[in-house]
Amino acid sequence: MTVRRQRLVARLVALGWLLAALGAPVAAEACGAPGTPCDAGGGTYHLALPDGPGPHPVAMFLHGWGGRAEATVANRGVVDPILARGWAVLAPQGAPRRDGDRGGAWNAMASAARRDDVAFLQAVLADAAARHPLDRDRVLAAGFSGGGMMVWRLACAAPGAAFAYAPYPRDDELTTM
């Protein structure tokens, strides 16, 4: 390595340490990687992207009561066929039901004591589209059980959030879709 190249590398390393010391988000691109949640609107979400440059249409799936967004994107039997069709899978995490709870629930009944999940879901969609090549004009909001109830609430409270809404009551319907 030439002396000039060594100096350049040393300067880049020093710049990296300086940015890290100042709190710059040097690892922001990890958001959306498998197993790595993204933060938005007072909560988190997981994302699975199809191959190709995008922009990709989005299937936003809301888990049922006690569910986890991470488990949603890990469900290969559901996610892989969606990705194969060029759609991204966006899985927001419901708010914890109690302290220390890893599962979540949706504020489908609009309780003032809980997170405003309509605002949260809109923030998730905006954040995901800002970070990744997603088509905000082609969002399908789907949900199971309590997630299905939240899809109904989103459709009524923010009808422009998605172009289609698909709530469903039972998980055995997934295998016949």
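Throughout this description, residue numbers start from 1 for each chain and increase along the sequence as written. Confidence filtering applies because this is a predicted model: local features only for residues at pLDDT of at least 70, side-chain atom pairs given and counted only at 80 or more, and all residues used for totals across whole chains, interfaces and linings. The side-chain numbers reported here are obtained from all heavy atoms of the structure, hydrogens and water having been left aside.

A. Structural detail: the nonpolar core. To qualify as a nonpolar core, a set must consist of buried Ala, Val, Leu, Ile, Met, Phe, Trp, Tyr and Cys residues joined through side-chain atoms within 4.5 Å. Exposure categories follow from relative accessible area, calculated using a 1.4 Å probe and restricted to protein chains: below 20% of the type maximum is buried, above 50% is exposed, and the middle band is partly exposed. Core analysis: the largest hydrophobic core is formed by 27 residues, its most contacted members being Tyr-45, Met-60, Leu-62, Leu-90, Leu-121, Met-150 and Leu-154. Working definition: helices are DSSP H or I runs of at least four residues, strands are E runs of at least two. Numbering for both runs from the N terminus. Every element with two or more residues in this core is listed here: strand E1 (38-40), strand E2 (43-48), strand E3 (56-62), strand E4 (88-92), helix H4 (117-131), strand E5 (134-144) and helix H5 (146-157). Examining the composition of this core, we find that six residues originate from one element, H4, more than from any other. Residues count as neighbours in contact if any of their non-hydrogen atoms are within 4.5 Å of one another. When sequence neighbours within four positions are dropped, the list of residues in contact with Leu-62 reads Pro-92, Trp-106, Leu-121, Ala-142, Gly-143, Phe-144, Gly-147, Met-150 and Val-151. Grouped together as the second largest cluster of nonpolar side chains are seven residues, Ala-48, Ala-69, Val-79 and Ala-91 included.

B. Broad picture of the pairing of strand E6 (residues 164-168). Here, any two strands with at least 2 DSSP bridges between them count as paired. When E5 meets E6, the two strands line up parallel, connected through five bridges. Looking at the pairing, Leu-140 lines up with Ala-164 of E6. After leaving E5, the chain enters H5 and then returns to the sheet as E6, a path that is right-handed. Handedness is read with the strands pointing away from the viewer; a crossover is right-handed when the path from the first strand over the helix to the second is clockwise.

C. Examining the environment of Pro-133 more closely. Looking at the secondary structure, you find Pro-133 in the loop between H4 and E5. With a relative accessible area of 35%, Pro-133 lands in the partly exposed category. Considering only alpha carbons, one finds Pro-133 and Ala-88, 45 residues apart in sequence, at a separation of 9.4 Å. Setting aside its immediate chain neighbours within four residues, Pro-133 contacts Pro-53, Gly-54, Pro-55 and His-56.

D. Region of the structure containing the state of the cysteines. Criterion for a disulfide: a pair of cysteine sulfur atoms at a distance within 2.5 Å. Per the counting criterion, the structure on display carries one disulfide. Two residues share a disulfide in this structure: Cys-31 and Cys-38, whose sulfurs sit 1.8 Å from each other. Taking the sign of the torsion about the S-S bond as the criterion, the disulfide between Cys-31 and Cys-38, at about 120°, is right-handed. Here the two residues Cys-31 and Cys-38 agree in accessibility, since each one is buried.

E. Spotlight on the packing of aromatic side chains. Note on aromatic pairs: the rings of Phe, Tyr and Trp (six-membered ring only in Trp) are paired at centre separations within 6.5 Å, and the planes decide the class, stacked below 30 degrees, edge-to-face beyond 60, tilted for the rest. For the structure shown, the criterion picks out four aromatic pairs. The interplanar angle of 40° and the centroid separation of 6.3 Å between the aromatic rings of Phe-144 and Tyr-168 together place this pair among those described as tilted. Of this pair, Phe-144 sits in strand E5 while Tyr-168 sits in strand E6, and the two are 24 residues apart along the sequence. We classify Tyr-168 as buried; its relative accessible area is 8%. Aromatic rings pair up to connect Phe-61, Phe-144 and Tyr-168 into one cluster.

F. The environment of Pro-167, seen in detail. Along the chain, Pro-167 turns up in strand E6. Separated by 20 residues in sequence, Pro-167 and Gly-147 place their C-alpha atoms 7.5 Å apart. Pro-167 has contacts with Gly-143, Gly-148, Val-151 and Trp-152, leaving out every residue within four places of it along the chain.

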